[in-house]
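# Coordinates in review
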Amino acid sequence: MADRPNILFIMTDQHRGDCIGADPHSPRDEDGRSLVHTPNIDNFIENGAMFTRAYTPAPSCIPARRSLLTGQTPSTNGAPGWVTTPWEFEHTLPEELRNAGYQTKLAGKIHSIPIRKHMGFESMDQHEALFSHPNDDYTRWLETETDGNFDELSHGLGRNSWDPRPWHAEEYHHPTNWTTRKALEFLDQRDESRPFFLNLSYVRPHTPFDPPQAYWDMYVDRETPAPYMGDWIDAEHGEKIPDYPAADAWLADLPPTIVHRARAAYYGLITHIDHQIKRVIDALRLSGDYENTFVVFCSDHGEMLGDHHMWRKSYAYEGSSRVPFLLRYPDWMEAPRKRIVGQPVGLEDVMPTLLSAADVDVPDTVEGRNLFELLEEPEREDWREWYHGEHAPGSYDPENGTQYLIGERYKFVWNPVTDSRLLFDLAEDPGEERDLSESAAHADRLERAREAMVDRLADREEGFVEDGRLVPTSAGSEDVGDPDDCSSES
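These figures come from a predicted structure and were not determined experimentally.

## Focus on the overall build of the protein chain
When you go through the protein chain residue by residue, the secondary structure sums to 12 helices and 17 strands. In summary, the protein chain has a C-alpha radius of gyration of 21 Å against a globular reference of 23 Å for 490 residues, a match within 12%. With respect to the principal axes defined by its C-alpha atoms, the protein chain has extents near 60 × 50 × 50 Å. Looking at the protein chain as a whole, 63% of its 490 residues are labelled buried. Taken as a whole, the protein chain presents about 18300 Å² of accessible surface, with 43% of it coming from carbon and sulfur. Taken together, the 47 basic and 91 acidic charged side chains of the protein chain have centroids lying 3 Å from each other.

In structure tokens, the structure reads:
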């Protein structure tokens, strides 16, 4: 049916925006070509679009996924940071599509609470990688497949360890392969009288950094770029850098060799996913469904990967907050091809965009915007002046709260606990190495960003604003723990 495309929604976990080959800021080899090999993901642009400034509204798993599934900002849906309250929403993306006649399927991770809550998916094959949910479908399969001789973490890495190594079992045992296989089983057995909504949701490249050996070998002997290092590091967290960091430390000044190996493993996990995606695309082509399938590729948040001595997520900085975001249209759909869009967009825009593609009404509860508006007019003036993201304090450290605004060129970062303020020119300094907040030449820009933040936060119950001023507060930290505590390490 030409007016009701199938939808393949591919999601990765903890995937930096600069870590696909097509991204303009992807790591480069000695010849200036992208080091990260993702030909199948990049190819979506040929018949679609890429958003080079896509951001998560809250850079940790649960709040990001809540926003994505509801089309709402974190403060509206009750998760401005890591919260473990049950998910109760009036409308969700899979539920709206199911009610409109789509067969809805999840293969992989959802991170709903309680953990088996379907959120509108008719069926789920889950890999959650959570210690609080030790018997998900992948874990049970692996135990049966190996007669209980090993599990996902038998290699000795933690779920948040920066310490890398190759996968310890056969490649087909890897969770990325299992997730792909479950998607393929669904496509083979689906109800062909209905369009499908398949959420192919990989846990990797989230740690552990454990690609299969072939993908480890692809990068470990190649030079990888050194991490970005800001001139603001000492002022922000220099005294907190441990002398003997734990393997899951969020802040660590590691030897270059270890950083290189972690990056090589991370890139390997991404290329592994790219190759597995090809299996799904090939199956759709073989069945004749690909020409009528709308594809979205994105992630929930990024990974600092050693930038500014930081690891993991929940920060405003590009490594943590910017995500890959690509679309691929059905052959019949009239939409601009090969479109590279530089306006700020976010995960709350996924729901209205997909509902629009499926010709389904967008609920009034949705705050995100339909990206087709931007695709038709990439430089439209009525788009967002600022994109807002946040994470409540208490993530790894009680002073780690953040509020951030991304504009046409600049990013403003405010820590509501310490009251520190940073300003970055992302056009000239995509690695955020130079803080401009004390620059007289940028004083007006800083003030405009501050005023925009005041306007955004003025009515918030946390008390971020008093008499038109941003005021420090640790409000919200009582509801927020380590963004990985739900799993102990997820």
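That covers the picture; the talk isn't over yet.
## Notes on the sheet that holds strand β8 (residues 322–323)
The mixed open sheet is built from three strands, whose spatial order is β8-β3-β11. Single-partner strands in this sheet number two, and they are β8 and β11 (345–346). Where strand β3 (residues 54–55) lies against β8, two bridges are found, and the strand directions are antiparallel. By the bridge assignment for β8, Ala54 is matched with Val323.

## Focus on the nonpolar core
One recurring pattern in soluble globular proteins: nonpolar side chains tend to sit buried together. Core analysis: the biggest nonpolar cluster contains 49 residues, and Phe51, Leu97, Phe197, Phe294, Phe325 and Tyr329 have the highest contact counts within it. Here Phe325 is in contact with Ala49, Met50, Phe51, Ala54, Val296, Phe297, Cys298, Val345, Gly346, Val350 and Leu371, once residues within four sequence places are set aside. Within the second largest apolar cluster, 24 residues are counted, among which are Leu8, Phe44, Ala107 and Tyr290.

## Digging into the environment of Glu192
Note that Glu192 resides in the loop between α5 (175–189) and β6 (196–205). The spacing of Glu192 and Glu239 is 47 residues in sequence and 59 Å in space, taken between C-alpha atoms.

## With respect to unusual backbone geometry
Here the residue pair Ile113 and Pro114 is connected by a cis peptide bond, since its omega of -5 degrees sits within 30 degrees of zero. Turning to its location among the elements, Pro114 is positioned in the loop between β4 (103–108) and β5 (123–126). The omega angle of the peptide bond from Thr207 to Pro208 is 10 degrees, so this bond is cis rather than trans. Inspection of the secondary structure puts Pro208 in the loop between β6 and α6 (213–220). At Asp419, a position not held by glycine, the phi torsion is positive, near 65 degrees. Here Asp419 shows up in the loop between β14 (410–414) and β15 (421–425). For Asp419, a relative accessible area of 26% puts it in the partly exposed group.

## As for the environment of Ser201
Of note, Ser201 is situated in strand β6. Under the relative-accessibility criterion, Ser201 is labelled buried at 0%. What Ser201 contacts, discounting residues up to four positions off in sequence, is Met11, Arg65, Leu106, Ala107, Gly108, Lys109 and Thr179.

## Section: the sheet that holds β15
One open sheet holds the four strands; their spatial order is β12-β13-β14-β15, and the pairing between them is antiparallel. Sheet topology places β12 (387–391) and β15 at the edges, where each strand pairs with a single neighbour. Each strand of the sheet is rotated relative to its neighbour by a mean of 15 degrees, with strand direction disregarded. As paired strands, strand β13 (residues 402–406) and β14 are joined by four bridges and run antiparallel to one another. In the strand pairing of β14, Ile406 is matched with Lys411. Along the sheet, helix α12 (residues 443–457) contacts β12, β13, β14 and β15; its crossing angle with β14, the most-contacted strand, is approximately 60 degrees.

## Here we look at the packing of aromatic side chains
On inspection of all chains with the given rule, the structure shows 19 aromatic pairs. One Lys or Arg, Arg328, reaches over the ring of Tyr290 and ends 3.9 Å from the middle of that ring.

## Details of the pairing of strand β2 (residues 48–51)
Taking every second residue as pointing to the same face, both faces of β2 are buried, with Gly48 and Met50 on one and Ala49 and Phe51 on the other. Pairing geometry for β2 and strand β10 (residues 339–341), over three bridges, is parallel. What sits directly across from Met50, in β10, is Ile340.

## Description of a negative patch on the surface
A grouping of Glu377, Glu379, Glu381 and Glu408 is seen on the molecular surface, where their side chains present a negatively charged patch. Mapped onto the elements, Glu381 comes out in the loop between α11 (371–376) and β12.

## A closer look at the state of the cysteines
Under the counting rule described, the total for this entry stands at zero disulfides. We note that Cys298 lacks a disulfide partner, and the nearest cysteine sulfur, in Cys61, lies 13 Å from it.

## Concerning the pattern of salt bridges
What the rule picks out here adds up to 38 salt bridges. For Glu318, the salt bridge is made with Lys411, and the minimal N-O distance between the two is 2.8 Å. Of this pair, Glu318 sits in helix α9 (residues 318–321) while Lys411 sits in strand β14, and the two are 93 residues apart along the sequence. Note that Asp349 is salt-bridged to Arg384, the shortest N-O span being 2.6 Å. Of this pair, Asp349 sits in the loop between β11 and α10 (350–357) while Arg384 sits in the loop between α11 and β12, and the two are 35 residues apart along the sequence.

Conventions adopted
Residues numbered from 1 in each chain as written. Predicted model: local features only at pLDDT ≥ 70, side-chain atom pairs only at ≥ 80, totals over all residues. Heavy atoms only, no water. Helix = DSSP H or I, 4+ residues; strand = E, 2+ residues; numbered from the N terminus. Rg over C-alpha atoms; globule rule 2.2 N^0.38 Å. Buried < 20%, exposed > 50% of the residue type's maximum accessible area, 1.4 Å probe, protein only. Areas by Shrake-Rupley, 256 points an atom, 1.4 Å probe, with all protein chains shown as cover. Lys, Arg positive; Asp, Glu negative; His and termini not counted. Charge placed at Lys NZ, Arg CZ, Asp CG, Glu CD. Pairing = 2+ DSSP bridges. Core = buried A, V, L, I, M, F, W, Y, C linked by side-chain atoms within 4.5 Å. Contact = heavy atoms within 4.5 Å. Axes fitted to C-alpha atoms, helices over the stretch in contact; angles between N-to-C directions. Phe/Tyr/Trp six-rings, centres within 6.5 Å; stacked < 30°, edge-to-face > 60°. Lys NZ or Arg CZ within 6 Å of the ring centre and 35° of its normal. Patch = residues over 30% accessible without salt bridge, like charges linked within 9 Å, V, L, I, M, F, W, Y side chains within 5 Å. Salt bridge = Lys/Arg side-chain N within 4 Å of Asp/Glu carboxyl O. Disulfide = S-S within 2.5 Å.

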